[in-house]
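Structural characterization, general
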Amino acid sequence: VPHGTTISKGQNVVWFESEGVDKEIRKAEADLRLSKLTLEDDEFAYKQFQETQRLDREAAERGMRKAQQDNDNFVKVDRQRELKTAEFNLKSSTASLENAKEELKQLEQMYKEDDLTEESEEIVLKRAKQSVEFAEYRLEGAKIQTQRSINQTIPQSVARQEANLTRARLTYQKALRDIASTASRREFEMTRKRDAFKEEEKKVNEMRQERKQIVLKAAHDGIVLHGALNRGKLGDKQSTLDVGSKTTNDQTIATVAAPGRLRVRMDIPEDQLQTVVAGAKCRVLPKAFPTVTLEATVKSVSPVPFAGTKYDCVVMFRTRKDITIVPTMTCDVEFAAPAKVDDRE
């Protein structure tokens, strides 16, 4: 809007080229949508990972329970069963030998009679003697096997079961450790991905907010003045702002001054502080209207100087309908002279 234009509240004051910004926003929004899809995929994979971890933990627990059950079965049942089996095999072999010997003895007694031919006797006796030999051989093997079972096989089985149980405990502990460690890493990765998405979303929202500020509107009715006012005063040099001008982030582009809220800003030297105090009455003489005098009152005086020995003062006054006073106009302010003090008193 040109310098000095009278505008209404909500009217556009400054607007910027938006093509470059719009292009950046479109790209950022597209990237954000892709990031959202990626995050949704990661969230789905994370849920499956959590379910898989639950199954892995249950499998590890089952494996540990089975190892403990196998060990309990061996200690409580199988070890004693193996020992009894070895003893039973020895007993069975011993009984077989005794039975074979008894049968041979009975045959020899029976052959003393003439019930069988000589050739038949020889065949039967030969078989009986072989049975005795076989039984003796089996008994010898049963004794060796029983001794080995008691002294070697069963102790080895005990040691193997204990080692298996120990390994199972180590495997179970490692599985739990791996599950917990992997869960922590995945959780950290998901937190980082969520934070990254939130940060990206925040940047897009900031770009959208900045896009809304591509047009600056008047907050109230007033007059547009290019640049900033310094204590109500325009700069001595004319503003160079025009269509196509470039600006910086912290630059004041324009000021909307409200004519209906006028006041006087003035510099008070230190030696006038006794006279110029809050509430003091004075007169305002606009330089644009030399014949006009307006009644005024001091609203405030700064307690400390703003520069050197200059103090800031604000004076309120009532204007008149027959004159037009606008912001940045200048005036003289007159105060009544202080009363003189009689030196004789």
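First things first, this report covers the structure right here in the doc.

So, the environment of Ala 135
Along the chain, Ala 135 falls in helix H2 (residues 118-212). By relative accessible area, which is 0% here, Ala 135 ends up buried. Remark: the alpha-carbon pair of Ala 135 and Ala 278, spanning 143 residues in sequence, is separated by 134 Å. Ignoring any residue separated from it by four or fewer positions in sequence, one finds Ala 135 in contact with Ser 93, Ser 96, Leu 97 and Ala 100.

Considering a negative patch on the surface
A surface patch of like charges, here negative, comprises Asp 195, Glu 199, Glu 206 and Glu 210. Inspection of the secondary structure puts Asp 195 in helix H2.

What about the packing of aromatic side chains?
As enumerated under the stated definition, the model contains 1 aromatic pair in all. An angle of 25 degrees between the planes, with centres 6.2 Å apart, marks the rings of Tyr 46 and Phe 49 as stacked. Separated by 3 residues within a single helix, Tyr 46 and Phe 49 lie in helix H1 (residues 19-110), roughly one turn from each other. Look at Tyr 46 and you get buried, because its relative accessible area is 10%. Its relative accessible area of 13% is what places Phe 49 among the buried residues. Here Arg 186 stacks its cationic end above the ring of Phe 49, 4.4 Å away from the centre of that ring. The aromatic ring of Phe 306 is capped on one face by Arg 231, whose charged end is 4.0 Å from the ring centroid.

A look at the nonpolar core
The nonpolar side chains of a soluble globular protein tend to be buried, and buried together. Grouped together as the largest cluster of nonpolar side chains are 19 residues, with contacts concentrated most on Val 264, Met 266, Val 284, Val 298, Cys 313, Val 315 and Phe 317. Elements supplying a minimum of two residues to this core: strand S6 (264-269), strand S7 (281-286), strand S8 (294-301) and strand S9 (310-317). Ranked by residue count, the leading element in this core is S9, at 4 residues. Ignoring anything within four residues of it in the chain, the contact list for Val 264 reads Val 284, Cys 313, Val 314, Val 315, Phe 317, Cys 331 and Val 333. Among the nonpolar cores identified, the runner-up in size contains 9 residues, and Tyr 46, Met 190, Phe 197 and Val 204 belong to it.

Examining the sheet that holds strand S5 (residues 254-257)
Strand order in the open sheet formed by 3 strands is S1-S4-S5, with antiparallel pairing between adjacent strands. The open sheet is flanked by strand S1 (6-7) and S5, the only strands paired with a single partner. Looking at chain direction, S1 and strand S4 (residues 222-226) are connected through 2 bridges and run antiparallel. Each bridged residue has a counterpart across the sheet, and for Thr 6 the counterpart in S4 is Ile 223.

Observations regarding the environment of Gln 109
Relative to the elements of secondary structure, Gln 109 occurs in helix H1. Residue Gln 109 is classed as partly exposed on the basis of its relative accessible area of 41%. Sequence separation between Gln 109 and Thr 255 is 146 residues, and the spatial gap between their C-alpha atoms is 142 Å.

Brief notes about the pattern of salt bridges
Evaluated as defined, the whole model comprises 14 salt bridges. Between Glu 43 and Arg 194 there is a salt bridge, and its shortest N-O distance comes to 2.7 Å. Note that Glu 43 is positioned in helix H1 and Arg 194 in helix H2, a separation of 151 residues in sequence. Its relative accessible area of 27% is what places Arg 194 among the partly exposed residues. Residues Asp 178 and Lys 174 are paired through a salt bridge, measuring 2.7 Å at the closest nitrogen-oxygen approach. Separated by 4 residues within a single helix, Asp 178 and Lys 174 lie in helix H2, roughly one turn from each other. Note on Asp 178: relative accessible area 34%, which makes it partly exposed. Among the charged side chains, a network of salt bridges with common partners joins Arg 231, Arg 265, Asp 267 and Asp 312.

Regarding the sheet that holds S9
Strand order in this open sheet of 5 strands is S6-S9-S8-S7-S10, and the pairing throughout is antiparallel. The open sheet terminates on both sides in strands that have one partner only, identified here as S6 and strand S10 (331-334). The mean inter-strand angle of the sheet, taken between neighbouring strand axes irrespective of direction, is 40 degrees. Sheet analysis places S7 next to S10, joined by 4 bridges and oriented antiparallel. Paired with Leu 285 across the two strands is Asp 332, which belongs to S10.

Details of the pairing of S7
Pairing geometry for S7 and S8, over 4 bridges, is antiparallel. Opposite Val 284, over in S8, you have Leu 294 as the bridge partner.

With respect to the side chain of Gln 53
By the secondary structure assignment, Gln 53 is in helix H1. The residues touching Gln 53, leaving out its near neighbours within four places in the chain, are Ile 179, Thr 182 and Ala 183.

Conventions adopted
- Residues numbered from 1 in each chain as written.
- Predicted model: local features only at pLDDT ≥ 70, side-chain atom pairs only at ≥ 80, totals over all residues.
- Heavy atoms only, no water.
- Helix = DSSP H or I, 4+ residues; strand = E, 2+ residues; numbered from the N terminus.
- Buried < 20%, exposed > 50% of the residue type's maximum accessible area, 1.4 Å probe, protein only.
- Contact = heavy atoms within 4.5 Å.
- Patch = residues over 30% accessible without salt bridge, like charges linked within 9 Å, V, L, I, M, F, W, Y side chains within 5 Å.
- Areas by Shrake-Rupley, 256 points an atom, 1.4 Å probe, with all protein chains shown as cover.
- Salt bridge = Lys/Arg side-chain N within 4 Å of Asp/Glu carboxyl O.
- Lys, Arg positive; Asp, Glu negative; His and termini not counted.
- Charge placed at Lys NZ, Arg CZ, Asp CG, Glu CD.
- Phe/Tyr/Trp six-rings, centres within 6.5 Å; stacked < 30°, edge-to-face > 60°.
- Lys NZ or Arg CZ within 6 Å of the ring centre and 35° of its normal.
- Core = buried A, V, L, I, M, F, W, Y, C linked by side-chain atoms within 4.5 Å.
- Pairing = 2+ DSSP bridges.
- Axes fitted to C-alpha atoms, helices over the stretch in contact; angles between N-to-C directions.

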